[in-house]
Amino acid sequence: MPRIHPTALVDSNAVLADDVMIGPYSIIGPNVKLSAGTVVEAHCVIEGHTQIGENNLFHSFCSVGCVPQDKKYNGEPTQLTIGDRNTFFQNVTISVGTSQDRGHTIVGNDNWVMAYAHIAHDCIVGNNVILANNATLAGHVSIGDFVILGGLTAVHQFCVIGAHAMAGGGSIIVQDLPPFVMCEGNRASARSINIEGLKRRGFNPEAILAVKKAYKILYREGIAYSDAIIQIREMAKNEPALDCFVDFFDQAKRGIVR
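Remember, it's a predicted structure, so these values are computed and weren't measured experimentally.

Some details on the side chain of S35
Here comes step 1: Its location among the elements puts S35 in the loop between β6 (32-34) and β7 (39-40).
Here comes step 2: Given a relative accessible area of 16%, S35 falls into the buried group.
Here comes step 3: In this structure the side chain of S35 is engaged in a polar contact, spanning 2.9 Å, whose partner is the backbone oxygen of I52.
Here comes step 4: When neighbours within four sequence positions are excluded, S35 is seen to be in contact with A17, V20, I52, G53 and E54.

Below is the structure:
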């Protein structure tokens, strides 16, 4: 049976795996599903139409599946889905979706979400993402795999952050950030490629060289963005590491961080 502290309030319609642990004063709503190995520490609230995968850890005072901070929301039964092996630190907030978009907020696997971070309605967060303290995603943001957002970083609504990108602390991102690119500042500017991160993740020298060439085409050759897209798409046919750029170009609509 789940281990539920006597002071916790768990709705009888909630679905809990046998080894789930619920800490003191936490509240679990009626439309919540918690899968095997998940631990909810003290004073958390998990509500809404929320499905949570296996081996997740919610530290104290998380608010998950909460109502979107959107004046257009009228109580529609929108959703939040969280994958496996994520860690959410103190006071993290994650909203369900809205009917103005897909109606679904999605968080993937193996993410590390630090204290006071916020994931707004209709966001999609990939896998192995790090959101440092107070990182804030406005609504409808898409975050690729292995992205790192430094503390106090804010991302404007509808922005796309490509896989393996990185933002320094305090960055204000108001346009789309291409894969592998490091940015910083208010407003954020592109600085370089996250080469050290690529080495740690096992990218070989040929793949890193291809990424450098793609960065040069985007930022150093002075050609139109539309022409850069054509060149990088062509390069990607022979270098799988550049598939991240292709995925990014298919989603990005706000112009790129310069």
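So, unusual backbone geometry
Here comes step 1: Going from N186 to R187, the amide bond is cis rather than trans, its omega being 0°.
Here comes step 2: Despite not being glycine, N91 shows a phi value in the positive range, around 65°.
Here comes step 3: The residue F180 is not glycine, and still its phi comes out positive at about 70°.
Here comes step 4: Locating F180 in the fold gives a position in the loop between β26 (172-173) and β27 (181-184).

Concerning the side chain of T50
Here comes step 1: Within the fold, T50 resides in strand β9 (residues 49-52).
Here comes step 2: Among the polar contacts made by the side chain of T50, one reaches the main-chain carbonyl oxygen of E47 at a distance of 2.6 Å.
Here comes step 3: Leave out the neighbours within four places in its chain, and T50 touches N31, V32, K33, V64, G65, L80 and V96.

Some words on the sheet that holds strand β24 (residues 160-161)
Here comes step 1: As summarised here, the arrangement of the eight strands in space is β3-β6-β9-β12-β15-β18-β21-β24, forming an open sheet in which the pairing is parallel. Each having just a single partner strand, β3 (15-16) and β24 make up the two edges of the open sheet.
Here comes step 2: In terms of strand pairing, strand β12 (residues 79-82) meets strand β15 (residues 104-107) through four bridges, oriented parallel. The residue bridging T81 from the neighbouring strand is I106, located in β15.

Overview of the pairing of β27
Here comes step 1: Only one face of β27 is covered, namely the one carrying V181 and C183; the face carrying M182 and E184 has none of its residues buried.
Here comes step 2: Taking the residues between adjacent antiparallel strands as the criterion, β27 and strand β28 (residues 189-193) are bridged by four residues, where G185 takes a positive phi near 105°.

Overview of the packing of helix α3 (residues 225-236) against helix α4 (residues 243-251)
Here comes step 1: Where α3 meets α4, the closest approach of the two axes is 9 Å, and the angle between their N-to-C directions is 140°. Of the possible angle classes, the one that applies to α3 and α4 is oblique. When you trace α3 past α4, the crossing you get is left-handed. Contacts from Y225, I229, I232, R233 and A236 of α3 reach α4 at D243, F245, V246, F248, F249 and D250.

Considerations on α4
Here comes step 1: Of all the positions in α4, only F245, V246, F248 and F249 are classed as buried. The arc that holds the buried residues of α4, viewed along the axis, is 165°, so those residues lie on one side.

Brief notes about the pairing of strand β11 (residues 63-66)
Here comes step 1: As paired strands, strand β8 (residues 45-46) and β11 are joined by two bridges and run parallel to one another. Among the inter-strand pairings, V45 is bridged to a residue of β11, identified as S63.
Here comes step 2: In the sheet, β11 pairs with strand β14 (residues 93-95) via three bridges, with the strands oriented parallel. Bridge assignment links C66 to a residue of β14, and that residue is S95.

Let's talk about the packing of aromatic side chains
Here comes step 1: The full count for this structure, using the stated rule, is eight aromatic pairs.
Here comes step 2: An angle of 65° between the planes, with centres 5.9 Å apart, marks the rings of F248 and F249 as edge-to-face.
Here comes step 3: Classification of F248 as buried rests on a relative accessible area of 2%.
Here comes step 4: Grouping aromatic residues by their ring pairs yields a cluster made of F180, F203, Y225, F245, F248 and F249.

Quick word on the UniProt feature "domain: UDP N-acetylglucosamine O-acyltransferase C-terminal" (unreviewed entry) in the chain
Here comes step 1: Feature annotation in UniProt assigns "domain: UDP N-acetylglucosamine O-acyltransferase C-terminal" (unreviewed entry) to the following positions: residues 176-257.
Here comes step 2: Strand forms 11% of residues 176-257 and helix 51%; the C-alpha atoms that close the span are 6 Å apart.

What counts and how
Residue numbers restart at each chain and count upward from 1, following the sequence in its written direction. Local features are withheld for residues below a pLDDT of 70 in this predicted model, meaning they are given only at 70 or higher, and side-chain atom pairs are given and counted only at 80 or more; totals for whole chains, interfaces and linings count all residues. To get the side-chain values, all heavy atoms of the structure are used, and hydrogens and water are removed first. Under the scheme used here, helices are H or I runs from DSSP no shorter than 4 residues and strands are E runs no shorter than 2 residues, and both carry numbers assigned from the N terminus. Working definition: with a 1.4 Å probe on protein chains only, accessible area under 20% of the residue-type maximum means buried, over 50% means exposed, and in between means partly exposed. We call two N or O atoms a polar contact when they sit within 3.5 Å, provided that within protein one can donate a hydrogen and the other can accept it, with sequence-adjacent residues counted only if both atoms are side-chain atoms. We call two residues contacting when some pair of their heavy atoms lies within 4.5 Å. In short, DSSP must find at least two bridges between two strands for them to pair. Inter-axis angles, ranging from 0 to 180 degrees, are taken between N-to-C directions of lines fitted to C-alpha atoms, where helices are fitted over the stretch in contact. Any angle from 65 to 115 degrees is called roughly perpendicular, while one under 35 is roughly parallel, one over 145 is roughly antiparallel, and all others are oblique. By convention the crossing between two helices is left-handed if the near helix lies anticlockwise of the far one by an angle smaller than a right angle, and right-handed if it lies clockwise. Note: the arc covers the axis-to-C-beta directions of the helix. Pairing of aromatic side chains requires ring centres within 6.5 Å, counting the rings of Phe and Tyr and the six-membered ring of Trp. Pairs whose planes differ by under 30 degrees are stacked, by over 60 edge-to-face, and all others tilted. UniProt positions are given in the numbering used here, feature names are shortened, and annotations may be inferred rather than shown by experiment.

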